[in-house]
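Analysis of the macromolecular model
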Protein chains: 2
Amino acid sequence: MLAEIITIGDEILIGQIVDTNSAWMAAELNKIGVKVKQITSISDEAQHIVKALEEAQNRADIILITGGLGPTKDDITKLTLAKYFNMPLRLDEETLAHVKEFFDKLNRPMIEVNIKQAEVPDGCTVIKNKNGTAPCMWFEHHGKIIVSMPGVPFEMKYLMEDEIIPRIKERFEMPFIFHQNILTAGLGESFLAEQIADIENALPAYIKLAYLPKLGQVRLRLSASGTNEAQILTDVAYYTKQIVERVEKYVVLTEDLPFEKAVLNLMDKYQLTLSLAESCTGGYVSHLFTQHPGSSSVFQGGAVTYSNDLKQLVLGVSETTLAAYGAVSEQTATEMAQGAVKNFRTDYAVAITGIAGPDGGTPEKPVGMVWIAVASKTEVKAKMFKFASQRFQNIERSAMAALMMLFLQLKQDLNVKH
Amino acid sequence: MLAEIITIGDEILIGQIVDTNSAWMAAELNKIGVKVKQITSISDEAQHIVKALEEAQNRADIILITGGLGPTKDDITKLTLAKYFNMPLRLDEETLAHVKEFFDKLNRPMIEVNIKQAEVPDGCTVIKNKNGTAPCMWFEHHGKIIVSMPGVPFEMKYLMEDEIIPRIKERFEMPFIFHQNILTAGLGESFLAEQIADIENALPAYIKLAYLPKLGQVRLRLSASGTNEAQILTDVAYYTKQIVERVEKYVVLTEDLPFEKAVLNLMDKYQLTLSLAESCTGGYVSHLFTQHPGSSSVFQGGAVTYSNDLKQLVLGVSETTLAAYGAVSEQTATEMAQGAVKNFRTDYAVAITGIAGPDGGTPEKPVGMVWIAVASKTEVKAKMFKFASQRFQNIERSAMAALMMLFLQLKQDLNVKH
């Protein structure tokens, strides 16, 4: 079963927003066995919308359209679809009642354009959007499904989860799709490929291996689809085992989880607490942890000590250390991590101090130089990294390196394997 | 001048990564007057690549392709392009020397697949990729430009900035493009549209107005393109002034800056320092500030006090307050902000404490309830917000609300307008 995603609106095409919707939708579709063939972003132009829709129908069975449903003049998707499907607009009473209720709750008067939001092409199935005023519209056309929904992420996500995905599952018979991830660190993409070349060559045609390199890690992904679920699971497990055994010392994780979530899960299992002392990562690692519901059982908090003053005040780094070795040093990183364990009363702490750039580098301490320390109540280890010149990349790579150091330390202390 | 962007690779189509490249590229192209007509994401399939390339050439003059150039088996872009343009592969000696140098630096041996990276279609212009091993390839075909580059963001970005954009500017005569942003808060999209309907209707045809709603704010964008630069600037300034005067009390910013960067700039101008006390936002606001180079002149750091213990230990929130009113309360938010100003020795501090969800809500304090306080050395104000049920949305909206409270307070204290 193939699907395509079409996003409508200038925001993406002029680079004002990043299209996070499509990746999320693709992941949800994949889970139920629908493969996304193409994702297309186009602007609010009737002719282009029609062309994209026609091309998508040549390739796929399900076309999901997001965006272009706002109340303002530049949003023309609904009108274009009505014309394309040759359906006159009609006022949908249920939608109108919902829009009215929506405005009543906000204690705001409805205006002309809001009433227009309750108009729908006569012939589509109207799906109520409980998180917004623009209704979702489901069309069936020459055996293809075309769905138009708002581009606002939390409206779209709710509609996908509660309405679209269940309806697709009801409407079509799906193959079974299975992805197995193997997260590795410490070996480049081509070296990994060389080490497992014979395993890769022996894979049955219906299992695909992809290399997804990111921030010093390579995620291997085995993907299989078919009807024989048991066979697929057995085969994928067999080849996963082969790969893991071959490159064992580089394997970090075989669960399909963000790295920081795997760290949280491991610490939660052993009832360990964590705090952070972030300098150059400036809150990014804290944010990685706290984006996950339930992180508070492990993550107690921490300090973003951007200035030297705060390193002393909050973490108790000594003035002598800062004066003698500087903020980016083994000694400062070590004292930051130890200070966090002590002041924040946690089992473990990670400290990160470095020069994210683009400015602030010196010949001895260039941009991209980062010291990371991991402390427990009894031990502390620090390590230096040399990343590159791009600020955000340095922040991201520092975060990944910090997670890796913590994870390896935990696995060693707890005596667990991946 | 029209361009299209084609991204190749399964990662986006299965939802494993979000396509951040395309938005960045689109923004860069827009700056030099190139409009992006379509962004297309497809998988590593030769036939689909060729089809997408052909369709893109029907619509645009410049086709930028990212991804599919890795050394492993699943990357087939280069071979496909060589066949499509009917150019045999040749070993490019300069690229080979660069790849060799790259591996020497990493102190790693080259293997067969790495040598293959130095092969290029005979007839394209090879552009050196100093940040990676896959070269960038520039094709000219029936008057169209087709460029293939790696999908790794920091390789692609460097190539775009240093090589592709300058070459495009040299090759084509560009119209002048101008975007003017007006960031508003406090009034919904449709109400804004109603208030400025007559101004919008009076806009000359070559000026387009877009409404970009996000997180309780609406960004209005006037876009104009043409050859008469002076006329465009005069006209856009005229209509911008009209809109700003009409909805003055909702206008936050007319510069094209991320909100937090505007806050940093204002505080930097007046040599004011800032710290944060984050609970439910968990480091996200700190990360927003610290992603900007030079933020350290204003932002000193702060605390992520996820647990009640840390609220007491690091910020000095009193046990009595926490016991009597709870962590999510006006009193706690106030003491957090005051504690940050005092303990972190800054001119201003913002505190955020709330229930991000999905768990942890009660009838009195439901998920989405957030208290935000802004303190200076002499004053503190707190305000309650009720957001929704989605965790990340609550984190983002809390961050935006916190920035807004701080910005309004600063503007009032400093007596400045937008």
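Residues numbered from 1 in each chain as written. Chains lettered and ligands numbered in written order. Predicted model: local features only at pLDDT ≥ 70, side-chain atom pairs only at ≥ 80, totals over all residues. Heavy atoms only, no water.

A few points about the overall build of chain A
In terms of regular secondary structure, chain A is built from 16 helices and 17 strands. Principal-axis analysis of the C-alpha atoms places the extent of chain A at approximately 75 × 60 × 40 Å. The buried share among the 418 residues of chain A stands at 59%. In chain A, once contacts between residues fewer than 6 apart in sequence are set aside, the share between residues at least 24 apart is 68%. (Helix = DSSP H or I, 4+ residues; strand = E, 2+ residues; numbered from the N terminus. Buried < 20%, exposed > 50% of the residue type's maximum accessible area, 1.4 Å probe, protein only. Contact = heavy atoms within 4.5 Å.)

As for the environment of B:Ser190
Relative to the helices and strands, B:Ser190 is located in helix 8 (residues 189-195). B:Ser190 sits in the buried class, given a relative accessible area of 6%. Measuring from C-alpha to C-alpha, the distance between B:Ser190 and B:Tyr211 comes to 9.3 Å, with 21 residues separating the pair along the chain. Those residues within four positions of B:Ser190 in sequence are excluded, and the remaining contacts are A:Pro71, A:Phe103, A:Ile111, A:Val113 and A:Asn114.

Side note on the relation of the copies chain A and chain B
For the pair of chain copies, the relating transformation is a rotation about an axis with a translation along it. When chain A is fitted to chain B, the best match, at an RMSD of 0.1 Å, comes from turning it 180 degrees and sliding it 0.0 Å along the axis. In the structure described here, the two chain copies are related by an operation that fits a two-fold rotation axis. Most of the interface of chain A is mirrored in chain B, where 100% of its interface residues are also at the interface. (Least-squares fit on C-alpha atoms with pLDDT ≥ 70 in both.)

Comments concerning the sheet that holds strand 6 (residues 125-127) of chain A
Here twelve strands make up an open sheet; going across it, the order is 6(A)-7(A)-8(A)-3(A)-1(A)-2(A)-2(B)-1(B)-3(B)-8(B)-7(B)-6(B) and the pairing mixed. Of all strands in the sheet, those with a lone pairing partner are strand 6 of chain A together with strand 6 (125-127) of chain B, marking the two edges. When the angles between neighbouring strand axes are averaged without regard to direction, this sheet yields 15 degrees. Packing of helix 3 (residues 46-59) of chain A onto the sheet brings it into contact with strand 1 (2-8), strand 2 (35-42), strand 3 (62-66), strand 7 (136-141) and strand 8 (144-149) of chain A together with strand 2 (35-42) of chain B, and relative to strand 1 of chain A it is tilted by some 170 degrees. (Pairing = 2+ DSSP bridges. Axes fitted to C-alpha atoms, helices over the stretch in contact; angles between N-to-C directions.)

Examining the side chain of B:Lys144
Residues and elements named next belong to chain B. With respect to the secondary-structure elements, Lys144 resides in strand 8 (residues 144-149). Comment: no salt bridge for buried Lys144; closest opposite-charge side chain is Asp61, at 4.2 Å. When near neighbours in sequence (up to four residues on either side) are disregarded, Lys144 contacts Gln57, Ala60, Asp61 and Phe139. (Lys, Arg positive; Asp, Glu negative; His and termini not counted. Salt bridge = Lys/Arg side-chain N within 4 Å of Asp/Glu carboxyl O.)

Details of the pattern of salt bridges
The full count for this structure, using the stated rule, is 25 salt bridges over all chains. Across the pair B:Lys208 and A:Asp10 runs a salt bridge whose closest N-O atoms are separated by 3.2 Å. Pair noted here: B:Lys208 is in strand 10 (residues 207-214) and A:Asp10 is in helix 1 (residues 10-13), and the two residues belong to different chains. Given the relative accessible area of 43%, B:Lys208 is considered partly exposed. Judged by its relative accessible area of 14%, A:Asp10 is buried. Here B:Glu163 ties to B:Arg167 by a salt bridge, and the two come within 2.9 Å at their closest N and O atoms. Here the residue B:Glu163 and the residue B:Arg167 both occupy positions in helix 7 (residues 153-171), the gap between them amounting to four residues, near one helical turn.

Points about the sheet that holds strand 9 (residues 176-185) of chain A
All names here are of chain A. Read from one edge of the open sheet, four strands run 10-11-9-12, paired in antiparallel fashion. Of all the strands in the sheet, just strand 10 (207-214) and strand 12 (251-253) have a single pairing partner and so form its edges. Across the sheet, the mean angle separating the axes of adjacent strands is 30 degrees when strand polarity is ignored. Pairing analysis gives eight bridges linking strand 10 to strand 11 (residues 217-226), with the strands arranged antiparallel. Looking at strand 11, one finds that Lys208 is bridged to Ser223.

Points about the domain arrangement of chain A
Residue and element names in this part refer to chain A. Split into domains, chain A comes out as domain 1 (2-171), domain 2 (176-253) and domain 3 (259-414). The gap between the C-alpha centroids of domain 2 and domain 3 is 31 Å. With eight residues of domain 2 at the contact, the number on the domain 3 side is eight residues. Both faces considered, domain 2 and domain 3 share a buried interface measuring about 700 Å² in area, 70% of it formed by carbon and sulfur atoms. Connecting domain 2 to domain 3 are zero salt bridges. For the interface between domain 2 and domain 3, the tally reads one residue pair in polar contact (both at pLDDT 80 or more). Looking at the side of domain 2 that touches domain 3, the elements that each hand over two or more residues are strand 9 and strand 12. If you tally residues by element for the side of domain 2 that touches domain 3, the top one is strand 12, at three residues. (Domains from an automatic or database assignment. Buried area = accessible area lost by both parts, 1.4 Å probe. Polar contact = N/O pair within 3.5 Å; in protein donor to acceptor, adjacent residues only side chain to side chain.)

A look at the interface of chain A and chain B
Quoted interface sizes are often the accessible area lost when the parts come together. Between chain A and chain B, the residue contacts involve 91 residues of the former and 92 residues of the latter. For the pair chain A and chain B, the two sides together bury roughly 7400 Å², of which 57% comes from carbon and sulfur. Across the contact surface, chain A and chain B share 29 residue pairs in polar contact (both at pLDDT 80 or more). Top contributing element to the side of chain A that touches chain B by residue count: strand 2 of chain A, with eight residues.

A word on empty space enclosed by the protein
The full count for this structure, using the stated rule, is three cavities of 30 Å³ or more. Taken as a whole, the largest cavity spans an internal volume of roughly 100 Å³. Lining the largest cavity are 13 residues, and of these A:Asp19, A:Ile39, A:Ser41, B:Asp19 and B:Ser41 lie nearest its centre. Contributing elements (two or more residues each) for the lining of the largest cavity: helix 2 (21-31) and strand 2 of chain A together with helix 2 (21-31) and strand 2 of chain B. Its residues assigned to classes, the lining of the largest cavity shows seven nonpolar, four polar and two charged. Taken as a whole, the second largest cavity spans an internal volume of roughly 50 Å³. At the level of secondary structure, the elements contributing two or more residues to the lining of the second largest cavity comprise strand 16 (369-376), strand 17 (380-386) and helix 16 (391-414) of chain A. Its residues placed into classes, the lining of the second largest cavity shows four nonpolar, two polar and three charged. (1 Å grid on protein atoms, 1.4 Å probe; cavity = no way out; pocket = protein on both sides within 12 Å on 5 of 7 lines; lining within 4 Å. Points joined across faces, edges and corners; volume = space filled by probe spheres on them. Nonpolar A, V, L, I, M, F, W, Y, C, P; charged D, E, K, R; others polar.)

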